[in-house]
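Structure assessment
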There are 2 protein chains.
Amino acid sequence: MDLIEDLKWRYAVKKYSDKTVDQAKIDRILEATNLSASSAGMQPYRLFLVQDQEMKNKLGEGSFNGQIAEAPYLLVFAAYTSMGQQFVDNYIAHVAAEREIPVSALADFKASLEGYILNRSDSENFSWATKQAYIALGTALIAAAEQRVDATPMEGFDSEKFDELLGLRKKGLKSVVILSFGYRHESDAFAGLKKVRAHQEEMVTLV
Amino acid sequence: MDLIEDLKWRYAVKKYSDKTVDQAKIDRILEATNLSASSAGMQPYRLFLVQDQEMKNKLGEGSFNGQIAEAPYLLVFAAYTSMGQQFVDNYIAHVAAEREIPVSALADFKASLEGYILNRSDSENFSWATKQAYIALGTALIAAAEQRVDATPMEGFDSEKFDELLGLRKKGLKSVVILSFGYRHESDAFAGLKKVRAHQEEMVTLV
């Protein structure tokens, strides 16, 4: 893999073929996404991989994004809408179990997480959780490109409808961004467009 | 490069050595970051690479993040706080120039961008711009890991102070997240800790 080449290769596919994606590639994309960095490693979001055609049809109904129903896979990033003591306790218990240390050895870490999480409003925590999900989105895009799997990140979708259809509310989650996976249709005119980015000297200021 | 291995290799370094990073590696990280996906390719953020020690000292003064002053490089991600007609016009002009087509050929694209940007409040656009910057943060973390350059993403910093010292306000920008680059100090105890992530079946629900 060459990261620069992978990033140049990818684009937001508008039209998908019906070619399926090897499960091993999907698994690898999901594994990479789950390895994404997040603030204090807390991963305050969950992923929903939708492959069921009927569900994709419902999710995509009335949307200008035909990719939702058309692409073989749809990955929904959903952030926690409320985080409190239980969220911190669960995370600390998980870290302790994974590192095979007592919870008491993480007292300082726990206190610092409580200092962040419990002093913010639900709205602030949801905004923070959403940003963490976007780091994971960045990882997922690169993981797909590395596998030469096409993808389309989409923000313009009806999150209320997604939350309803996927039963996210009862899990304390809200959909924040979605990503289609599959293979570009040979007629997708967007494939041939030159990728446009800011000139490096415009993007980066040296201090 | 193997993306999964790179993601497993990285961690948020707490203590840096004074070893410098080859310019070619920094250039590559910046190039990758600038190639990041963003909504409609608009890249509503800018990057500031701080290498000046005096500036790093000022930025890090009083912070619990010693990495700000200690690491050889500090990358500041700053999002635009207000986006209007001029922002859209500039972007469309840039795309037209890069693709060597007349601006008029992008009329539909321009109208759709105006539909998004001009109908949102500054606060909504800033929140959107911040999320795009986080996609770029995800890319930068992977680009650094690919080069075996250590990095530390940080949200806990005084953005008002950063905006002031780096003169961001007059550019219409606000710092949203920062990232140190360098090499881990051999005494950094965090290097040896097991990376903890949610179990895959907890993170991903199949639908």
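Structural data are supplied above this passage.
Quick look at the structure, then. (Residues numbered from 1 in each chain as written. Chains lettered and ligands numbered in written order. Predicted model: local features only at pLDDT ≥ 70, side-chain atom pairs only at ≥ 80, totals over all residues.)

1. Considerations on the pairing of strand β3 (residues 150-154) of chain A
Residue and element names in this part refer to chain A. With four of five residues buried, β3 is to be regarded as a mostly interior element. The sheet contact formed by β3 and strand β4 (residues 173-182) spans five bridges and is antiparallel. Within β4, the position partnered with T152 by the bridge is S180. (Buried ≥ 20, exposed ≤ 12 C-beta atoms within 10 Å, placed from the backbone. Helix = DSSP H or I, 4+ residues; strand = E, 2+ residues; numbered from the N terminus. Pairing = 2+ DSSP bridges.)

2. Side note on the interface of chain A and chain B
Taken together, the contacts link 56 residues of chain A with 55 residues of chain B. Secondary structure elements with two or more residues in the side of chain A that touches chain B: α1 (3-9), α2 (23-34), β1 (45-50), α5 (85-99), α7 (122-146), α9 (200-203) and β5 (204-206) of chain A. Ranked by residue count, the leading element in the side of chain A that touches chain B is α7(A), at 13 residues. (Contact = placed C-beta atoms within 7 Å.)

3. Focus on the sheet that holds β1(A)
Strands sit in the order β3(A)-β4(A)-β2(A)-β1(A)-β5(B) across an open sheet of five strands; the sheet is mixed. Across the chains shown, the open sheet's two edge strands, defined by having one partner strand only, are β3 of chain A together with β5 (204-206) of chain B. Adjacent strand axes in the sheet meet at a mean angle of 25°, parallel and antiparallel pairs treated alike. Of the strands in this sheet, β1, β2 (73-80), β3 and β4 of chain A touch α7(A), which is tilted by about 155° from β2(A). (Axes fitted to C-alpha atoms, helices over the stretch in contact; angles between N-to-C directions.)

4. A few points about the environment of S104(B)
Residues and elements named next belong to chain B. Here S104 lies in the loop between α5 (85-99) and α6 (107-117). For S104, a count of 8 C-beta atoms within 10 Å translates into the label exposed. Note: C-alpha distance between S104 and V177 (73 residues apart in sequence) is 36 Å.

5. Things to note about helix α7 (residues 122-146) of chain B
Residue and element names in this part refer to chain B. With 25 residues, α7 should reach 36 Å at 1.5 Å per residue; the first-to-last C-alpha distance of 36 Å fits that figure. For α7, the buried fraction is high: 21 of the 25 residues fall into the buried class. Once α7 ends, the next one or two residues include R148, with phi positive near 55°. (Expected span 1.5 Å × (residues − 1).)

6. A word on the relation of the copies chain A and chain B
Placing chain A over chain B gives an RMSD of 0.0 Å and needs a rotation angle of 180°, together with 0.0 Å of translation along the axis. Each copy turns onto its partner about a two-fold axis. By residue overlap, the copies meet face to face through one surface: 98% of the interface positions of chain A are interface positions in chain B. (Least-squares fit on C-alpha atoms with pLDDT ≥ 70 in both.)

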